[in-house]
Amino acid sequence: MAIYHFHVDIVSRKTGRSSVAASAYRAGEKLKNERDGITHDYSNRSSVGKAAYNSGGKLNENDFTNKRGVVYSEIILPENAPAEFQDRSTLWNAVEKSEKRCDAQTARDIDVALPIEFDRNEQIEIMREYIQDNFVRHGMIADFAIHDKGDGNPHAHILLTTRNVDKNGFGKKNRDWNAKEYLQKWRENWSEICNERLHAKGLDERIDHRTLKAQGIDREPTIHIGVTAEHMERRGIDTERAKENRAIIERNKAQMPENMAKYMHELKQGYVILDKEIAVLKQQAAEARREMQSLKITAERINERTETIRNLHRQVDKLKGERKEMGFFANKRLINSQIEQFEQACERAENAFNWEYKIKPDQSETEIKRLEDRAESYGNLHNKLQGKALSFAYEKDNFELEYQRQKLLAELRPDGQKIFEKLTELSGGNHWQSQSERILNIITERNFQEILNGIQPEQAEKLIQRREREREYEQ
């Protein structure tokens, strides 16, 4: 079932993001931001940056090459852009160098849902045509990637430059691209090109970029549930937002099998997406914690090595003092040998220190302070990610409870079989993750009691009788 989803965001330094990290996260690659020298290694899907997630390739030192789900990626350049910008690392590091402000907006980020009716070649073809007509011909460089994990949610990410470009590189910021008219046209053109392709395939499915009111549909608009994991990472879903969304859907839901099945499909989809997002957040938090611990250990080692070198110098000074007090005619061969040994030990220790840490011992205090500051930053990031994962886990539980409530109520209805048949149809033949499917279908005693507390007494009585019969059958 084709759905319309078109979201635009800005990659801004003000929010702690960079276009290099964005490209690395989408591509599942390894990138180094030449502007600040920070290396992000995402080869095991640890995510702090954002764009390697999209393209599945390799970028400098953010490594996401093991990421699954990226099925295609490509960079499309205007005719006047430097050919070397075909390299993802070169392109986005050039973008970062062109921006001087600490709160600069470095890229425009768009994600769109791809109709499941298109095969892979059609997805690539429609993305190329759409990007060329709407962005590249106006002077933007586009870095896009298609994601499809086989979960019924194929989508594409488009990362766009914000400055004019010529053969010499990036010039002035193009403010015209920020106009609302552009955004409205992009949204409209996306629905038009998709509908043209759906019509050409002889399909009746259509998508519509307009609001419900503009479409003449008398229905309260919902707060979008079926968002992708990347969209929820940027926007978040708080408790009140999810509750209000469920209330809106409940008010709109007619007692038709098709509408009931669609509601359950949205709940199931929302649960699975949140489940995946929580896993990603936990990986991000673990990576941030590892970075924090690694930085702290390095700082401690530098401090210990510096103190060892200082002790060696103190020993040399002490021996030289003793030699001076020995007098002119004393035999100083032994003490001279000791001084020479300690001086050689000092030299070896300093050379090893310089080779390992690329600084001199007298620079250690500054380096330790820098490492401690970065460790504190990663610690704050770890706490933030953990908090977000807990919030998403709470929302996931709400989706689970609501889905199970609707499942039980559907089983009581005379047309319940039609509801579940339509639900299977809406899934498009795709299988949900087995673990999520099992959890949604197994109703615990705690959830069952909560469901009873939220429905009509007659329905509750029927459900209790049904559950008792099931228990008798199991025995």
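Residues numbered from 1 in each chain as written. Predicted model: local features only at pLDDT ≥ 70, side-chain atom pairs only at ≥ 80, totals over all residues. Heavy atoms only, no water.

1. Section: the sheet that holds strand β6 (residues 70-76)
Read from one edge to the other, the open sheet built from five strands follows the order β1-β7-β9-β8-β6, with strand pairing classed as antiparallel. Each edge of the sheet is formed by a strand with only one pairing partner; in this case those strands are β1 (6-12) and β6. Across the sheet, the mean angle separating the axes of adjacent strands is 15 degrees when strand polarity is ignored. Sheet analysis places strand β8 (residues 142-147) next to strand β9 (residues 155-160), joined by six bridges and oriented antiparallel. Following the sheet pairing, D143 is matched in β9 by L159. (Pairing = 2+ DSSP bridges. Helix = DSSP H or I, 4+ residues; strand = E, 2+ residues; numbered from the N terminus. Axes fitted to C-alpha atoms, helices over the stretch in contact; angles between N-to-C directions.)

2. Quick look at the confidence of the model for the protein
Per-chain confidence: the protein averages 82 in pLDDT, with 81% of residues scoring 70 or above. Scored below 50 in pLDDT, residues 42-68 shows 153 contacts in the model against residues more than four places distant or in partner chains. (pLDDT = per-residue confidence, 0-100. Contact = heavy atoms within 4.5 Å.)

3. A word on the environment of D148
With respect to the helices and strands, D148 occurs in the loop between β8 and β9. The sequence separation of D148 and L114 amounts to 34 residues, and the corresponding C-alpha distance is 9.5 Å. Not counting residues within four places of it along the chain, the set of residues in contact with D148 comprises G69, V71, R120 and P154. A polar side-chain atom of D148 sits 3.4 Å from a polar atom in the side chain of R120. Side-chain polar atoms of D148 contact the backbone nitrogen of G150, separated by 2.9 Å. (Polar contact = N/O pair within 3.5 Å; in protein donor to acceptor, adjacent residues only side chain to side chain.)

4. Description of the packing of helix α10 (residues 364-412) against helix α13 (residues 445-453)
Two elements in contact, α10 and α13, have axes separated by 10 Å at closest approach and are oriented at 70 degrees. What the angle tells us is that α10 and α13 run roughly perpendicular. Where α10 crosses over α13, the handedness of that crossing is right-handed. Across the interface between the two elements, E400, L401, Q404, R405 and L408 of α10 pack against N447, F448, E450 and I451 of α13. Residue composition of the contact of α10 with α13, by class: four nonpolar, two polar and three charged. (Parallel < 35°, antiparallel > 145°, perpendicular 65-115°, else oblique. Left-handed = near helix turned anticlockwise from the far one by under 90°. Nonpolar A, V, L, I, M, F, W, Y, C, P; charged D, E, K, R; others polar.)

5. What about the pattern of salt bridges?
A side chain with one charge can pair with a side chain of the opposite charge if their charged atoms come near. For the structure on display, the rule yields 28 salt bridges. Across the pair E307 and R310 runs a salt bridge, and its minimum N-O distance is 3.9 Å. With E307 and R310 both in helix α8 (residues 257-325) and three residues apart, the pair spans about one turn of that helix. In this structure E307 comes out as partly exposed when scored by relative accessible area, which is 32%. (Salt bridge = Lys/Arg side-chain N within 4 Å of Asp/Glu carboxyl O. Buried < 20%, exposed > 50% of the residue type's maximum accessible area, 1.4 Å probe, protein only.)

6. Focus: the packing of aromatic side chains
Tallied over the entire structure, the rule returns seven aromatic pairs. A ring pair is formed by Y72 and F144, whose centres lie 5.9 Å apart and whose planes are at 40 degrees; its orientation type is tilted. In this pair, Y72 is assigned in strand β6 and F144 in strand β8, connecting sequence segments 72 residues apart. Y72 gets classed as partly exposed once you look at its relative accessible area, which sits at 21%. For F144, a relative accessible area of 0% corresponds to the buried category. Members of the aromatic cluster, each reached through a chain of ring pairs, are Y130, F135, Y182, W186 and W190. Cation over ring: K358 sits above W355, and NZ or CZ is 5.7 Å from the ring centre. Across from the ring centre of F448, 4.3 Å away, lies the NZ or CZ of R467, which sits over that ring. (Phe/Tyr/Trp six-rings, centres within 6.5 Å; stacked < 30°, edge-to-face > 60°. Lys NZ or Arg CZ within 6 Å of the ring centre and 35° of its normal.)

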